[in-house]
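Below, each chain spelled out in residue letters.
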Amino acid sequence: MKIGFFDSGIGGMTVLHQAMKYLPNEDYIFYADTLHVPYGEKPKHEVREYIFQAADFIAQQGVKALVIACNTATSIAVEDLRKKYDFPIIGIEPAVKPAIQSCEKKHKKVLVMATELTLKEEKFCNLVNRLDHQDVVESMPMPGLVHLAERFEFSEEVVESYLQESLAHLDLNQYGTVVLGCTHFPYFEKNIRNIFPNGTDVISGSIGTAKNLKRILEANGQTNDGTGQITFYQSANLVEDESLLEKYRGLFRRLEEPNYKNNALNHKIAQ
Ligand SMILES: N[C@@H](CCC(=O)O)C(=O)O
């Protein structure tokens, strides 16, 4: 059986890329809700509906687990999704805990970049409160990075001038770690490193999520039943074509240590 991955758009591929490292002998479904991206700027009740529509579609394909490869969708719906489906559901959340631990030693602050919706959700506030370090955690919505990624706009000049403009009011020297709390952001990791002073750590929750997926599948004795094939579904009415697959391959190439080469990429349109 396949493993389902879901995001509002192409961001979830940054998590899928990590999962393929830990679980190469699996088949994957990647569903992008391209009709409704961006989630981070929409009302919560609307986004919840989109998430359940997508999850229903993925469930119909028959999956042994579903990764909500979207911080925004996880914060809004992961609890309720777990109540509805009987396969394991793995979410992703901003990696605030490891960031605080490393910043404490450096006497620096943590900057969490995410969508507006993630940052104002109870789940994020509870996470920061539970860790009891509210004074060292700052947050910054970066919706422009989602837009740039969805347009496949990765030009260094465009991306870095957006980053510079958005962060101009902050003293970047005060941060020890930048947390990428949105799965679209790792495509811009190099640009973010260029903008922040040397020695600033940039981390995301994708490795933790991939390890979590592996642990759960192993505990259920459900690993190694695939050949590394990925089937892509999109909710937008896009034409099925090779050029789109080439774009997806390009996304994997943007992430370090690409291992997509052995994988067959298929592409389908969601009904
Ligand atoms: N993939 C994004 C959602 C971006 C959006 O649709 O606004 C996340 O992890 O939160």
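Here is a short report on the structure shown in this document.

Definitions and cut-offs
- Residues numbered from 1 in each chain as written.
- Predicted model: local features only at pLDDT ≥ 70, side-chain atom pairs only at ≥ 80, totals over all residues.
- Heavy atoms only, no water.
- Axes fitted to C-alpha atoms, helices over the stretch in contact; angles between N-to-C directions.
- Helix = DSSP H or I, 4+ residues; strand = E, 2+ residues; numbered from the N terminus.
- Parallel < 35°, antiparallel > 145°, perpendicular 65-115°, else oblique.
- Contact = heavy atoms within 4.5 Å.
- Nonpolar A, V, L, I, M, F, W, Y, C, P; charged D, E, K, R; others polar.
- Phe/Tyr/Trp six-rings, centres within 6.5 Å; stacked < 30°, edge-to-face > 60°.
- Buried < 20%, exposed > 50% of the residue type's maximum accessible area, 1.4 Å probe, protein only.
- Lys NZ or Arg CZ within 6 Å of the ring centre and 35° of its normal.
- Near = heavy atom within 4 Å.
- Polar contact = N/O pair within 3.5 Å; in protein donor to acceptor, adjacent residues only side chain to side chain.
- Areas by Shrake-Rupley, 256 points an atom, 1.4 Å probe, with all protein chains shown as cover.
- Pairing = 2+ DSSP bridges.

### Topic: the packing of helix H7 (residues 143-150) against helix H8 (residues 156-167)
(1) Moving on: Where H7 contacts H8, the two axes come as close as 10 Å, and the packing angle between them is 170 degrees. With respect to H8, the element H7 is oriented roughly antiparallel. For the pair H7 and H8, the contacting residues are Pro143, Gly144, Leu145 and Leu148 in the first and Val158, Val159, Tyr162 and Leu163 in the second.
(2) Moving on: Looking at the contact of H7 with H8 residue by residue, the classes come out as 7 nonpolar, 1 polar and no charged.

### What about the packing of aromatic side chains?
(1) Moving on: Tallied over the full model, the rule gives 13 aromatic pairs.
(2) Moving on: Centroid distance Tyr31 to Phe57: 5.4 Å. Interplanar angle 45 degrees. Geometry classified as tilted. Here the residue Tyr31 occupies a position in strand S2 (residues 28-32), and Phe57 occupies one in helix H2 (residues 44-61), the gap between them amounting to 26 residues. Across the pair, exposure class does not vary: Tyr31 and Phe57 are buried alike.
(3) Moving on: Taken together, a centroid distance of 4.0 Å and an interplanar angle of 10 degrees make the contact between Phe232 and Tyr248 stacked. Of the two residues, Phe232 sits in strand S9 (residues 230-234) while Tyr248 sits in helix H11 (residues 242-254), which places them 16 residues apart along the sequence.
(4) Moving on: Taking the relative accessible area as the measure of exposure, Phe232 reaches 0% and is therefore buried.
(5) Moving on: Across from the ring centre of Phe152, 4.7 Å away, lies the NZ or CZ of Lys247, which sits over that ring.

### As for the site of the ligand
(1) Moving on: Around the ligand, 14 residues are found, and the nearest of them are Ser8, Tyr39, Gly40, Asn71 and Thr72.
(2) Moving on: One of the side-chain N or O atoms of Asp7 is found 2.8 Å from a nitrogen atom in the ligand.
(3) Moving on: Between the ligand and Ser8, the relevant distance is 2.7 Å, taken from an oxygen atom to a side-chain nitrogen or oxygen of the residue.
(4) Moving on: In isolation the ligand exposes 300 Å². Once the protein is present, 99% of that is buried.
(5) Moving on: Considered class by class, the residues forming the shell around the ligand number 6 nonpolar, 7 polar and 1 charged.

### Section: the environment of Phe196
(1) Moving on: Summarising the element assignment, Phe196 is placed in the loop between helix H9 (189-195) and strand S8 (201-204).
(2) Moving on: A relative accessible area of 4% means that Phe196 is categorised as buried.
(3) Moving on: As a C-alpha pair, Phe196 and Gly176 span 20 residues in sequence and 9.6 Å in three-dimensional space.
(4) Moving on: Apart from the residues lying within four places of it in its own chain, the contact partners of Phe196 are Leu111, Met113, Leu167, Leu172, Tyr175 and Val178.

### Details of the pairing of S9
(1) Moving on: By the criterion of burial, S9 is predominantly enclosed, with 5 of the 5 residues buried.
(2) Moving on: Of the two faces of S9, the one holding Ile230, Phe232 and Gln234 and the one holding Thr231 and Tyr233 are both buried throughout.
(3) Moving on: As paired elements, S2 and S9 share 5 bridges and run parallel to each other. In the strand pairing of S9, Ala32 is matched with Gln234.

### A word on the sheet that holds strand S5 (residues 109-114)
(1) Moving on: On the basis of which strands lie adjacent, the open sheet formed by 4 strands has the order S6-S5-S7-S8 and parallel pairing. If you trace the sheet from one side to the other, it starts and ends with strand S6 (137-141) and S8, each paired once. Pairwise comparison of adjacent strand axes, ignoring direction, gives a mean angle of 25 degrees for this sheet.
(2) Moving on: Bridging between S5 and strand S7 (residues 175-180) involves 5 bridges; their strand directions are parallel. The residue bridging Lys109 from the neighbouring strand is Tyr175, located in S7.

Coordinates in, geometry out; function isn't part of it.
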